[in-house]
There are 2 protein chains.
Amino acid sequence: MISIADIQQAAERIAPFVRMTPLIRLEALDEHLGCQVYAKLENLQVTGSFKIRGAANAALRLSDEQRACGLVAASSGNHGKALAHVAKKLGTTATIVIPDTAPAVKVDAIAALGAAVVRSSVEERFERAAAIAAETGGTIIPPYDDERIMAGQGTIGLEIAEQLPDVDVVVTPVSGGGLLGGVSTAVKALLPNARVYGAEPATRPRWTESLKAGTRVTVPSHPTLADALVTLTPGELTFPVVQARVDGMVAVDEEALLRAARLLLTEGKILAEYSSAIGIAAVHEGLLSVRPEDKVCFVISGGSIGFAQIAQLA
Amino acid sequence: MISIADIQQAAERIAPFVRMTPLIRLEALDEHLGCQVYAKLENLQVTGSFKIRGAANAALRLSDEQRACGLVAASSGNHGKALAHVAKKLGTTATIVIPDTAPAVKVDAIAALGAAVVRSSVEERFERAAAIAAETGGTIIPPYDDERIMAGQGTIGLEIAEQLPDVDVVVTPVSGGGLLGGVSTAVKALLPNARVYGAEPATRPRWTESLKAGTRVTVPSHPTLADALVTLTPGELTFPVVQARVDGMVAVDEEALLRAARLLLTEGKILAEYSSAIGIAAVHEGLLSVRPEDKVCFVISGGSIGFAQIAQLA
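Residues numbered from 1 in each chain as written. Chains lettered and ligands numbered in written order. Predicted model: local features only at pLDDT ≥ 70, side-chain atom pairs only at ≥ 80, totals over all residues. Heavy atoms only, no water.

A. Inspection of the side chain of Ser304 of chain B at higher detail. Residues and elements named next belong to chain B. Among the structural elements, Ser304 can be located in the loop between strand E10 (295-300) and helix H14 (307-312). Residue classification places Ser304 among the buried positions, given a relative accessible area of 6%. Within the structure, the side chain of Ser304 is placed 3.0 Å from the side chain of Asn78, a separation counted as a polar contact. Contact partners of Ser304, with chain neighbours within four places excluded, come to Gly48, Asn78, Lys81, Val105, Lys106, Glu273 and Gln309. (Helix = DSSP H or I, 4+ residues; strand = E, 2+ residues; numbered from the N terminus. Buried < 20%, exposed > 50% of the residue type's maximum accessible area, 1.4 Å probe, protein only. Polar contact = N/O pair within 3.5 Å; in protein donor to acceptor, adjacent residues only side chain to side chain. Contact = heavy atoms within 4.5 Å.)

Have a look at this one:
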């Protein structure tokens, strides 16, 4: 399992590629959520999401020769965008396999960064990426099930511990578990009294079911508005980390997610993708119990949202 | 003219009514604006704009008897909303005269706070408010041309000096001059090397023309997207303060304003009313010269924006 040292080394390695994003107080949401609300704004991160942290860490650990043959990824969008950016910065190429569920805004952004884009179904995307890597000699940078990725995403936890050392609760969205595995590792190491929770779509409750079963479970592919949280099975490497270090997992239904996204935009004045509002939805619906004096930090994971989706919030 | 002491006293007086809003780094806008971008988020203030600061300061300086007879204001929306909130908190009534140019979202918000709403033309709004005050015995709380109001708005300058003491440039939207007069007084007193600029709609360049003429000039009533910046003449009390303490004034055309509002939402991930983007527009269009190393803080004055306007940004 990754350790706090892995995350601290990642922070040093990726520093020239990422921003220390703002962690702000969002008092306007306090009365809605029943706690003291804080938001870690990874929607303001380079390429618009936290994914650059893991992508940069993984790419920087390759040899020069490996890097020169290009980077390949299967991604619901944000990881692909991050990797395209990293490849460009490092002077190499990126090929990104994108599932059909990803919104056009993400696909366009990846193409604009100079990467080759290949469309695929959600289920076949990893096989497709493997075939491309085999053909081209490129290296696959996985979106989450990788210790370098988890360590990179964990640098968010380092920043939270620095920016809000008396935080009581941290809530992150969860899909494959890279973000939650990394953040929980950092937060639990530095702030042992803080609680860390994950929130996932109730239509794809792979973590809730896997944690209950004590083993990785694959769930059916039902639709969700949370287009960055579409993974069907917890990662092999992320599962034991989340199992050991996370205090709880909640599954959020689609209506609650939409309400929370609306709240974040209209009251919080923050533009983020639907997936980023899932933690707020969890507290708003009473799925996570918090006290009025609790300082609760929500990781706002990304800002890739199209105008059609913004209009849906009206 | 108001002094830094007036503002410091106001800060103490209004503390229970207002938030110290976040001042965040917005690196995503650096490449667009050619400087180090910071934003003071008054769109996250109580009632959604900076106006609560002045309104609370003015209302708290009335006698108990004056307050009991009710508060009256003419306002393009945000001042009215702030005053309605203050009246409710203080257990008295508010009557708000709103110009026809104000968007429905602001009118609805005022009514929802329990205030009486009266519609009027922009030109007649102050006479209308005076008539209502005379009839009811209520006290008019002016939106800007008042030292208590200026001192209240100036508390934003105190916070900027505390949150970003090495700021090089502060840019605020300007309409009647309460915000700019207050902020420039605080910033110049505490950070004498910082520059302070105002930005106004080019369709209503009352400040640009008045400062050039050396006296208050009234401009014709042309339309602007900046519905919070509709004043036609600088205030009598605000004019000498702005004249003495502000480093420059720029007039921004409507297309530039729309581009900046889009930039703030799509790249800055901040939801604000159009008027709040006018300072960003000024720098984006090269109307204010800034250097790449300059720390430039934009006062994001309010967040009252309807979904029709958000859609217009698409």
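B. Region of the structure containing the interface of chain A and chain B. Taken residue by residue, the interface counts 21 residues in chain A and 21 residues in chain B. Contact between chain A and chain B buries roughly 1,800 Å² in total, counting both sides, with carbon and sulfur atoms accounting for 72%. For the interface between chain A and chain B, the tally reads two salt bridges. The shortest N-O distance in the salt bridge between Arg19 of chain A and Glu27 of chain B comes to 3.9 Å. Counted by class, the side of chain A that touches chain B contains 12 nonpolar, four polar and five charged residues. (Buried area = accessible area lost by both parts, 1.4 Å probe. Salt bridge = Lys/Arg side-chain N within 4 Å of Asp/Glu carboxyl O. Nonpolar A, V, L, I, M, F, W, Y, C, P; charged D, E, K, R; others polar.)

C. Fine view of the sheet that holds strand E1 (residues 23-25) of chain B. Residue and element names in this part refer to chain B. What the six strands build is an open sheet, ordered E1-E2-E10-E7-E8-E9; its pairing is mixed. Of all strands in the sheet, those bounded by a partner on one side alone are E1 and strand E9 (248-252). Neighbouring strand axes in the sheet, compared pairwise and without regard to direction, differ in orientation by 25 degrees on average. Examined bridge by bridge, strand E7 (residues 169-173) and strand E8 (residues 195-201) share five bridges and lie parallel to one another. Bridging from a neighbouring strand, Val171 pairs with Tyr197 of E8. Sitting on the sheet, helix H9 (residues 178-190) touches E7, E8, E9 and E10, and the angle it makes with E8 is about 170 degrees. (Pairing = 2+ DSSP bridges. Axes fitted to C-alpha atoms, helices over the stretch in contact; angles between N-to-C directions.)

D. Region of the structure containing the sheet that holds strand E4 (residues 94-99) of chain B. All names here are of chain B. The parallel open sheet is built from four strands, whose spatial order is E5-E4-E3-E6. Sheet topology places strand E5 (116-120) and strand E6 (139-140) at the edges, where each strand pairs with a single neighbour. Across five bridges, the pairing between E4 and E5 is parallel. Bridge pairing in E5 links Pro99 to Ser120.

E. Region of interest: the relation of the copies chain A and chain B. Its rotation angle being 180 degrees, the transformation that places chain A on chain B also includes 0.0 Å of axial translation and leaves an RMSD of 0.0 Å. Each copy turns onto its partner about a two-fold axis. Across chain A, the rotation axis passes nearest the C-alpha of Ile270 of chain A, at a separation of 2.6 Å. Of the residues that chain A buries at the interface, 100% are likewise interface residues in chain B, meaning the two copies contact each other through the same surface. (Least-squares fit on C-alpha atoms with pLDDT ≥ 70 in both.)

F. Geometry of the environment of Ser289 of chain B. All names here are of chain B. Here Ser289 is to be found in the loop between helix H13 (278-284) and E10. Classification of Ser289 as exposed rests on a relative accessible area of 64%. Separated by 254 residues in the primary sequence, Ser289 and Cys35 place their C-alpha atoms 9.6 Å from one another.

G. Looking closely at the packing of helix H9 (residues 178-190) of chain A against helix H11 (residues 238-245) of chain A. Residues and elements named next belong to chain A. Packing of H9 against H11 brings their axes to within 9 Å, and their N-to-C directions diverge by 40 degrees. Considering the angle they form, H9 stands oblique to H11. In this structure, H9 meets H11 at a crossing whose hand is left-handed. Residues Gly178, Leu180, Gly181, Ser184, Thr185 and Lys188 of H9 pack against Thr238, Val241, Val242 and Arg245 of H11. Partitioned by chemical class, the residues of the contact of H9 with H11 number three nonpolar, five polar and two charged. (Parallel < 35°, antiparallel > 145°, perpendicular 65-115°, else oblique. Left-handed = near helix turned anticlockwise from the far one by under 90°.)

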